[in-house]
Amino acid sequence: MGIVAERVRPTVARVDLGVLKSNYRAIREHLKRERPTGTPGVIAVVKANAYGHGAAQVGRALEDAGADLLACADIEEGAALRAAGVRADILIFGALSVSDLDGLFDCRLTPTISSPGAARAVQAAAARHKQRVRYHLKIDTGMNRLGFRADNLRRTLPELLRSENLDLEAVFTHFATADDPASSLFDEQRQRFDKVLADLHALGARPRYRHAANSAAVVRDPRVWFDRVRPGLLLYGIVPPPLQSTIALAPVMTLASRVTAVKGMRAGEVTGYGARFTAKKPTTIAIVPAGYADGLDLRLAGRGAVLIRGRRAPIIGSVCMDMIMIDVTGLDASPGDEVVFIGRQSGDTIDAREMAETIGSIPWEIVCRVGTRIERVYA
Ligand SMILES: *Cc1c(COP(=O)(O)O)cnc(C)c1O
């Protein structure tokens, strides 16, 4: 009874909801500045637990900042947003599993329909619920993932358009290479989508609006902004590499911990599994209580660094399940010192882009994989 008080582990992900809202507003202002008339709206992407930031808090904060349409991956994520009290419209991007279609109605979610089979299943479910369903039509313009093939719509669309209980709210596509300026596929997809819009019109389809742009496409090409844009990464204050942007964004998440122990090593001694680090001279190391179970990548050992006492300290040895070792020789480190994995300390910054580059990954993965064991602390 009352033995364990509520505790927060030393390793925390601080999520600044004020910065999140300010990023959302900065994106809106950018769109308005670049296109004062017919300014596109925003679909705020909060899939994958809001890129690891916490879908409930992020969803509510974005709604607070004025977002009227959020998007997530599946019905389960949509249900979680509703359970958190989000009242804005919620678009489900992903494939729908037929078994849980009732969630669309229970939670008032907007499905994406991306195949004739899905169209039939949603129509049948809507008829059963005696409801009309607004849906977004997804067109595959060359990524070859989900979506109706752009070159086959005359055959596949008429049945969907005739579905009694289904209302076409919007049409969209998704780019495979918006973050790769060297790829020609982006322009090919853009042109195919323009053609699709003409084809839809010829088939009698009248979507109320169109959307295509993920973060990279928002940054890169106003021609694909259409009526709404769909930023995910930008909301969290990260610009997709290798692109740069003038939008006034700041990172929402800081990932930090505290030193658990400090110890001296003699020249010739090793640390960690596999004995991968050997001290060449007397060395001081600090033990930090975060490891691969918290989402830290094994490849950080021997490559990455953390910020401690205003300096960069290399991650050495091996990333363990629950801890890492850092070389703090000469830094006068002691237990309790703050250790920053992602964020700022004394004027230096390690951001998700840098960490991704260090391990050969992408910043989306860096934030999404911040482990469930790490407490999110909201400010
Ligand atoms: C995830 C996702 C986005 C957002 O992508 P970012 O690169 O994070 O901006 C947009 N559209 C769709 C369909 C997505 O799945």
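All residue numbers refer to positions counted from 1 along the written sequence of the respective chain. Owing to the predicted nature of the model, reporting of local features is limited to residues with pLDDT of at least 70; listing and counting of side-chain atom pairs is limited to 80 or more, with chain, interface and lining totals taken over all residues. To get the side-chain values, all heavy atoms of the structure are used, and hydrogens and water are removed first.

The definition of a nonpolar core used throughout is a set of buried Ala, Val, Leu, Ile, Met, Phe, Trp, Tyr and Cys residues joined through side-chain atoms within 4.5 Å. Exposure categories follow from relative accessible area, calculated using a 1.4 Å probe and restricted to protein chains: below 20% of the type maximum is buried, above 50% is exposed, and the middle band is partly exposed. Core analysis: the largest hydrophobic core is formed by 118 residues, its most contacted members being Leu 20, Leu 62, Leu 137, Leu 160, Ile 308, Ile 326 and Phe 341. If one sorts the elements of this core by residue count, helix H1 (residues 17-34) sits on top with seven residues. Domain delimitation follows an automatic or database domain assignment. Two domains each put at least three residues into this core: domain 1 (17-236) and domain 2 (253-378). The contact definition used throughout considers only heavy atoms, calling two residues in contact when any of these lie within 4.5 Å. The contacts of Ile 308, once residues within four sequence positions are left out, are Val 259, Ala 313, Ile 326, Val 328, Leu 331, Ala 333, Asp 337, Glu 338, Val 339 and Gln 345. Core analysis: the second largest hydrophobic core is formed by eight residues, Ala 279, Ile 287, Ile 316 and Met 325 among them. Under the DSSP-based scheme used, a helix requires at least four consecutive residues in state H or I and a strand at least two consecutive residues in state E, with every element numbered from the N terminus.

With that out of the way, let us pick up the layout of surface pockets. Volume-wise, the largest pocket comes out at about 580 Å³. Cavity: a set of points on a 1 Å grid over the protein atoms alone where a 1.4 Å probe fits but cannot get out. Pocket: an open set with protein on both sides within 12 Å along at least five of seven lines, its lining residues, like those of a cavity, having an atom within 4 Å of a point. Around the largest pocket sit 27 residues that line it, and Lys 47, Tyr 51, Arg 145, His 174 and Asn 214 are the ones nearest its centre. Every element with two or more residues in the lining of the largest pocket is listed here: helix H2 (47-51), helix H9 (215-220) and helix H11 (363-368). No other element matches H2, which puts three residues into the lining of the largest pocket. Three classes are used, and their members are as follows: Ala, Val, Leu, Ile, Met, Phe, Trp, Tyr, Cys and Pro are nonpolar, Asp, Glu, Lys and Arg are charged, and the others, Gly among them, are polar. Here the lining of the largest pocket is built from residues that sort into 16 nonpolar, six polar and five charged. Grid points are joined across faces, edges and corners, and a volume is the space filled by probe spheres set on the points.

Time to look at the packing of aromatic side chains. Side-chain rings of Phe, Tyr and Trp, where Trp is taken by its six-membered ring, are said to pair if the distance between their centres is within 6.5 Å; with planes under 30 degrees apart they count as stacked, over 60 as edge-to-face, and otherwise as tilted. In the structure shown here, the tally under the stated rule is four aromatic pairs. Measuring from centroid to centroid gives 5.2 Å for Phe 193 and Phe 226, while their planes differ by 85 degrees, and the two rings are edge-to-face. Note that Phe 193 is positioned in helix H8 (residues 185-202) and Phe 226 in the loop between H9 and strand E11 (228-229), a separation of 33 residues in sequence. On the basis of relative accessible area, Phe 193 is assigned to the buried category, the value being 1%. With relative accessibility at 9%, the residue Phe 226 sits in the buried group.

Turning our eyes to something else, we now look at the domain arrangement of the chain. Assigned domains of the chain: these are domain 1 (17-236) and domain 2 (253-378). Computed from C-alpha atoms alone, the centre-to-centre distance between domain 1 and domain 2 is 38 Å. Counting residues at the interface gives nine residues for domain 1, matched by seven residues for domain 2. Accessible area, probed at 1.4 Å, shrinks when two parts are joined; the buried area is that loss added up over both. Carbon and sulfur atoms make up 69% of the area that domain 1 and domain 2 hide from each other, which totals about 820 Å².

Moving on to H1. Taking 1.5 Å of rise per residue, the 18 residues of H1 would be expected to cover 26 Å, and the 26 Å separating its terminal C-alpha atoms lies within 8% of that figure. Regarding H1, the residues found buried are Leu 17, Val 19, Leu 20, Asn 23, Tyr 24, Ala 26, Ile 27, His 30 and Leu 31. Those residues of H1 hidden inside the fold are in contact with strand E1 (12-15), strand E2 (41-42), helix H3 (55-64), E11 and strand E22 (375-378). Pairs of N or O atoms within 3.5 Å make up the polar contacts considered here, provided that, within protein, one atom can donate a hydrogen while the other can accept it, and that residues adjacent in sequence are counted only when both atoms are side-chain atoms. Measuring from the side-chain oxygen of the N-cap residue of H1 to the backbone nitrogen of Gly 18 gives 3.0 Å; that N-cap residue is Asp 16. Here, expected helix span is obtained from the residue count minus one, scaled by 1.5 Å.

This next bit is on the pairing of strand E18 (residues 311-316). Remember that side chains alternate between the two faces of the sheet whenever the strand is regular. Should DSSP find at least two bridges between two strands, the strands are taken to pair. As paired strands, strand E17 (residues 305-308) and E18 are joined by four bridges and run antiparallel to one another. When the bridges of E18 are listed, Ile 308 appears paired with Arg 311. Hairpin remark: E17 followed by E18, antiparallel, with two residues in the connecting loop; positive phi at Arg 309, about 50 degrees.

What counts as a salt bridge is simple: a side-chain nitrogen of Lys or Arg found within 4 Å of a carboxyl oxygen of Asp or Glu. Considering all chains together, one arrives at 26 salt bridges under this definition. For Asp 64, the salt bridge is made with Lys 21, and the minimal N-O distance between the two is 2.9 Å. On the criterion of sequence distance, the pair formed by Asp 64 in helix H3 and Lys 21 in helix H1 is long-range, its members being 43 residues apart. Where salt bridges share partners, they join Asp 89, Arg 108, Arg 134, Glu 169 and Arg 208 into one cluster.

Moving on: the side chain of Ser 361. Along the chain, Ser 361 falls in the loop between helix H10 (352-359) and H11. There is a polar contact of 2.3 Å between the side chain of Ser 361 and the side chain of Glu 365.

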